Amino acid sequence: HAAKSSHTALRVYLPADDQNTPDRLALITDLRDAIDRRDLLVVFQPKLDPHTGDVTGAEALSRWHHPTHGSIPPDQFIPLAEHSGLIRPLTLHVLESALRRCAAWRRDGHPLHVAVNLSANSLHDPTLPEVVARLLAQSGVPAEALTLEITESTIMANPAGAKAVLDQLHGLGVRLSIDDFGTGYSSLGRLRELPLHEVKIDRSFVQRVAVDHRDRAVVRSAVQLGHALDLEVVAEGVEDQETYAYLVREGCNLLQGFLISRPLPPDEFAGWLAGHRAPNVVQGRFTA
Ligand code: C2E
Ligand code: MG
Ligand code: MG
Ligand code: MG
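Procedures and definitions
Residues numbered from 1 in each chain as written. Chains lettered and ligands numbered in written order. Predicted model: local features only at pLDDT ≥ 70, side-chain atom pairs only at ≥ 80, totals over all residues. Heavy atoms only, no water. Donors = N, O, S within 2.8 Å, 3.2 Å for Na, K, Ca; no water. Helix = DSSP H or I, 4+ residues; strand = E, 2+ residues; numbered from the N terminus. Near = heavy atom within 4 Å. Polar contact = N/O pair within 3.5 Å; in protein donor to acceptor, adjacent residues only side chain to side chain. Areas by Shrake-Rupley, 256 points an atom, 1.4 Å probe, with all protein chains shown as cover. Core = buried A, V, L, I, M, F, W, Y, C linked by side-chain atoms within 4.5 Å. Buried < 20%, exposed > 50% of the residue type's maximum accessible area, 1.4 Å probe, protein only. Contact = heavy atoms within 4.5 Å. Phe/Tyr/Trp six-rings, centres within 6.5 Å; stacked < 30°, edge-to-face > 60°. Lys NZ or Arg CZ within 6 Å of the ring centre and 35° of its normal. Expected span 1.5 Å × (residues − 1). Arc of directions from axis to C-beta.

Peer 1: Honestly, the coordination of the magnesium ion (ligand 3) in this entry has me stumped. Any pointers?
Peer 2: Between any two of four tetrahedral donors, the ideal angle at the metal is 109.5 degrees; between two of six octahedral donors, it is 90 or 180 degrees. In the first shell of the magnesium ion (ligand 3), the protein supplies D179 (OD), D180 (OD), E236 (OE) and E236 (OE), at 2.0 to 2.8 Å from the metal. Sequence spacing among the residues donating to the magnesium ion (ligand 3) works out to D-D-x55-E. Separating the magnesium ion (ligand 3) from the magnesium ion (ligand 2) is a gap of 3.9 Å, bridged by D179, which donates to each. Within this pair, whereas D180 is found in strand 6 (residues 175-181), its partner E236 is found in the loop between strand 8 (232-235) and helix 11 (241-250), the two being separated by 56 residues in sequence.

This is the structure in structure tokens:
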């Protein structure tokens, strides 16, 4: 079994592959065990307000280190979880871990927010709002310090259904963010009807703003649309100084990306926070 290359494994858990081959079933069992044993690690990527230099919060992202296949990226195990009924326990585990960390940061004097990603299936789970309410109460984190990120394509796949769940979540006081914005063909009318607080511009546009004028046009329109709808605008995937400076000039409210920090294991986060210095942008130019 050990001789089996990771390529073999990659083939069996491609999201498009709905056939329950033995390898795929074994992987589902392993994922279930990992969730049960709390073996899925949740890492945290800082979000920075470039206008104040403050870190305002962090996005929680799941990591799975498989005992024999090594690290499996979320782009692969999240679809596997969705197809095998494991997304609900996975989401609960991530929510619980994220809120526990957020409560600890806040106790230590850092008034940070935490963001958790919701998968498409979560929007069909009628118990989600009460579960979120219970986990908030357990952790002591105020609802407005929790952001739930939902991809634009998830929302647009079923706008009416999404609106019903989003309205309930909004009723709890949590913040709602539309993730990977620009990739999901939103109708503007639909967007306006949803109780959103934030848009996150997809990194596929952000990453090339320094070199592609069409991506600059997309980012500029997304920022303007977001602000016109009174939303905070976040750019994800900020990797270099030129991109950072451009996004500051365009008025993005929050920036997230490897330039600021990679996603950090929970025990490294506080240390990073204490040592970090915001990049220095003066009049739209990167100076530090
Ligand atoms: P996302 O929610 O859009 O998260 C942002 C992704 O971009 C993360 O990838 C993050 O590590 C990556 N990223 C951040 N900054 C940079 C950068 O500067 N350059 C590059 N190249 N990448 C950057 P990750 O952690 O691999 O997650 C991928 C996707 O998997 C996420 O996209 C999200 O849709 C999903 N995901 C991750 N964790 C969870 C989870 O706990 N639950 C659910 N439902 N989905 C999750
Ligand atoms: Mg996200
Ligand atoms: Mg995103
Ligand atoms: Mg993304």
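Peer 1: For this particular structure, what's the right way to read the site of ligand 1?
Peer 2: Looking at ligand 1, there are 23 residues lining it, with S62, R63, R203, E239 and F258 nearest. Residue E59 places a side-chain N or O atom 3.0 Å away from an oxygen atom belonging to ligand 1. Between R203 and ligand 1, the recorded distance is 2.5 Å, taken from a side-chain N or O atom to an oxygen atom. For ligand 1, whose accessible area on its own is 790 Å², the fraction buried by protein is 88%. The element that contributes the greatest number of residues to the shell around ligand 1 is strand 2 (residues 54-66), accounting for 4 residues.

Peer 1: Any chance you could explain the nonpolar core here in plain terms?
Peer 2: Within soluble globular proteins, side chains that are nonpolar generally end up buried alongside one another. Within the largest apolar cluster, 79 residues are counted, with the highest numbers of intra-cluster contacts made by L146 and L169. Among the elements that take part in this core, helix 4 (residues 87-107) stands out by supplying 9 residues, more than any other. Setting aside its immediate chain neighbours within four residues, L169 contacts L118, L128, P129, V132, L148, V174 and L176.

Peer 1: Just checking my understanding: could you explain unusual backbone geometry for this structure?
Peer 2: Excluding glycine, a negative phi dihedral is what most residues carry, and trans is how most peptide bonds are arranged. Residues other than glycine seldom take positive phi values, yet D180 does so here, at roughly 55°. Here D180 falls in the partly exposed class, since its relative accessible area comes to 24%. The backbone of D230 sits at a positive phi, close to 60°, despite the residue not being glycine. When its relative accessible area of 71% is taken as the criterion, D230 is described as exposed.

Peer 1: Explanation requested: the packing of aromatic side chains in the structure shown.
Peer 2: Note on aromatic pairs: each is described by the distance of the centres and the angle between the planes. Throughout the structure, instances matching the rule amount to 5 aromatic pairs. With centroids separated by 4.5 Å and ring planes inclined at 25°, the aromatic side chains of W105 and F269 adopt a geometry described as stacked. Taken as a pair, W105 in helix 4 and F269 in helix 12 (residues 266-275) lie far apart in primary sequence, 164 residues in all. Classification of W105 by relative accessible area gives buried; the value is 5%. Cluster of aromatic residues (ring-pair linked, three or more members): F44, W105, F269 and W272. One residue, R262, lies across the ring of F258, its end atom 4.0 Å from the ring centre.

Peer 1: Can you help me understand the environment of T183 in this one?
Peer 2: With respect to the element layout, T183 can be found in the loop between strand 6 and helix 8 (188-193). Through-space distance from the C-alpha of T183 to that of I201 is 8.9 Å; in sequence the pair is 18 residues apart. With residues up to four places along the chain from it excluded, the contact list for T183 reads E152, D202, S204 and F205. Only 2.7 Å separates the side chain of T183 from the backbone oxygen of D180, close enough to count as a polar contact.

Peer 1: Looking at this structure, how should I read helix 7 (residues 159-172)?
Peer 2: Structurally, the α-helix is built with 3.6 residues per turn, so residues lying three or four positions apart point the same way. For helix 7, spanning 14 residues, the distance from its first C-alpha to its last is 20 Å, which sits close to the expected 20 Å at 1.5 Å a residue. Residues of helix 7 that are buried include every one of P159, A162, V165, L166 and L169, and no others. Projected onto a plane normal to the axis of helix 7, the buried residues spread over an arc of 130° and lie on a single side. What points out from helix 7, more than 90 degrees from its buried face, is the exposed set A160 and G171. Phi for G173, located one or two positions after helix 7, is positive at around 100°.

Peer 1: It is not clear to me how the environment of R220 should be interpreted in this structure. Could you clarify?
Peer 2: Along the polypeptide, R220 turns up in helix 10 (residues 213-228). Of the residues examined, R220 reaches a relative accessible area of 40% and is grouped as partly exposed. Along the backbone, R220 and L247 are 27 residues apart, and their C-alpha atoms lie at a distance of 8.8 Å. Contacts of R220, omitting those with residues within four sequence positions, involve Y246 and E250.

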